[in-house]
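If you want the building blocks of each chain, they are given just below.
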Amino acid sequence: MGVIARWRDRLPVGPATPELTLGEGGTPLVRSERLSERLGVELWFKFEDANPTGSFKDRGMCVAVAKAVEDGAEGVVCASTGNTAASAAAYAARAGLPAVVLTPVGAIAAPKQAQARAVGARVLEVRGTFDEALRSCQELSDRGTFALVNSLNPHRIEGQKTAAFEVIEQLGRVPDVLALPYGGGGNITAYAKGFAEEGATLRLIGGQASERAHTIASAIRIAEPAHAHEVAALVADGRAELVSVRDEEITDAWLEIASREGVFCEPSSAAGLAALAHITLVPGTTVVCVLTGHGLKDTAAVDVLTAGATLVEPTVEAILAEVCS
Ligand SMILES: *Cc1c(COP(=O)(O)O)cnc(C)c1O
């Protein structure tokens, strides 16, 4: 069951809203073995990369595109560091609407662009930053016809908040801490809303790249977060904490999740785990770390961060010489 069908009574949808779905939501919550031990807490991973296009964006996108159809939009438009584009393109194709996606030139991981192109989106590379691309998308949607499906679209936040409902349902209680990356801030805003609607209080930790404009973690390479004001208000109210992490901390956390847990997420996803190293965790508490995007979305990062394959002759001697050396 998709997000709209599953959470209909918690979403701004009605009889005129199409039940658009690619099977998003209902993602696994998996207990971490080794990192739980190292951190002295009960650590869980929320596998949001198990969504249909490989990132959490699908949760909000199904609602945003369904509402665009309901409102009579003739197409959808977004600016993207990659995953929003892949998701918008897929749901637009599913709904039979054209999608226009703007990405900063040279700044998006190739597999994400491939996803958008494969399902027929019009991909425009902008000679400029993500922030400039977003401003022009807003102007285009202000002229009517195209619905903006960036997270400034409140329906995105509504769909994404369902992840908070699921975490509580799957754990059978409210976690003490939930950590996730903070790029544009749509996701942290959505979790805060979802938990508030459940009357749940917890520590919400947003890990942001200290070098926002240049980080290796391309999904959070956003200099001016679109939700900066909402996130600042959450922080002022004591409902969220922000932690800045260096790229080296992000990539170390990424390697640790991969090699010690067997979980392959994209580097941006590891910013939440990297942030946890900076806060005091009460021993034995329950911590959920949201993995936002799949590792296959940014294989170029793997080439930078891990050793390459070794070429050998097809003999036992050659294999043993390599693996035992
Ligand atoms: C979009 C995205 C983020 C950042 O989410 P925001 O809502 O912009 O803060 C983090 N990780 C991945 C993989 C993403 O696709």
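Preceding block: the structure.
Let me begin by describing the structure that accompanies this report. (Residues numbered from 1 in each chain as written. Predicted model: local features only at pLDDT ≥ 70, side-chain atom pairs only at ≥ 80, totals over all residues. Heavy atoms only, no water.)

## Concerning the site of the ligand
In step 1: Surveying the vicinity of the ligand reveals 16 residues, the closest of which are K57, N83, G184, G185 and T292.
In step 2: In this structure, G183 approaches the ligand through a main-chain N or O atom, which is 2.8 Å from an oxygen atom.
In step 3: N187 has a polar backbone atom sitting 2.8 Å from an oxygen atom of the ligand.
In step 4: Protein contact buries 95% of the 380 Å² of open area that the ligand shows by itself.
In step 5: Per-class residue counts for the shell around the ligand are five nonpolar, nine polar and two charged. (Near = heavy atom within 4 Å. Polar contact = N/O pair within 3.5 Å; in protein donor to acceptor, adjacent residues only side chain to side chain. Areas by Shrake-Rupley, 256 points an atom, 1.4 Å probe, with all protein chains shown as cover. Nonpolar A, V, L, I, M, F, W, Y, C, P; charged D, E, K, R; others polar.)

## Describing the packing of aromatic side chains
In step 1: Summed over all chains, the structure comprises three aromatic pairs.
In step 2: Geometrically, the ring pair formed by W7 and F165 is tilted, given 5.1 Å between the ring centres and 55° between the ring planes. Here W7 is found in the loop between α1 (3-6) and β1 (29-31), whereas its partner F165 is found in helix α8 (residues 162-171), with 158 residues between them in sequence. No difference in accessibility class separates W7 from F165, as the two residues are buried. (Phe/Tyr/Trp six-rings, centres within 6.5 Å; stacked < 30°, edge-to-face > 60°. Helix = DSSP H or I, 4+ residues; strand = E, 2+ residues; numbered from the N terminus. Buried < 20%, exposed > 50% of the residue type's maximum accessible area, 1.4 Å probe, protein only.)

## Digging into the sheet that holds strand β9 (residues 241-245)
In step 1: Reading across the sheet, the six strands line up as β1-β2-β10-β7-β8-β9 and stay open at both edges, with mixed pairing between neighbours. If you trace the sheet from one side to the other, it starts and ends with β1 and β9, each paired once. Adjacent strand axes in the sheet meet at a mean angle of 25° when their direction is disregarded.
In step 2: As judged from the five bridges shared by strand β7 (residues 177-181) and strand β8 (residues 203-209), these two strands associate in the parallel manner. Across the sheet, residue V177 finds its bridge partner in β8, namely R203. (Pairing = 2+ DSSP bridges. Axes fitted to C-alpha atoms, helices over the stretch in contact; angles between N-to-C directions.)

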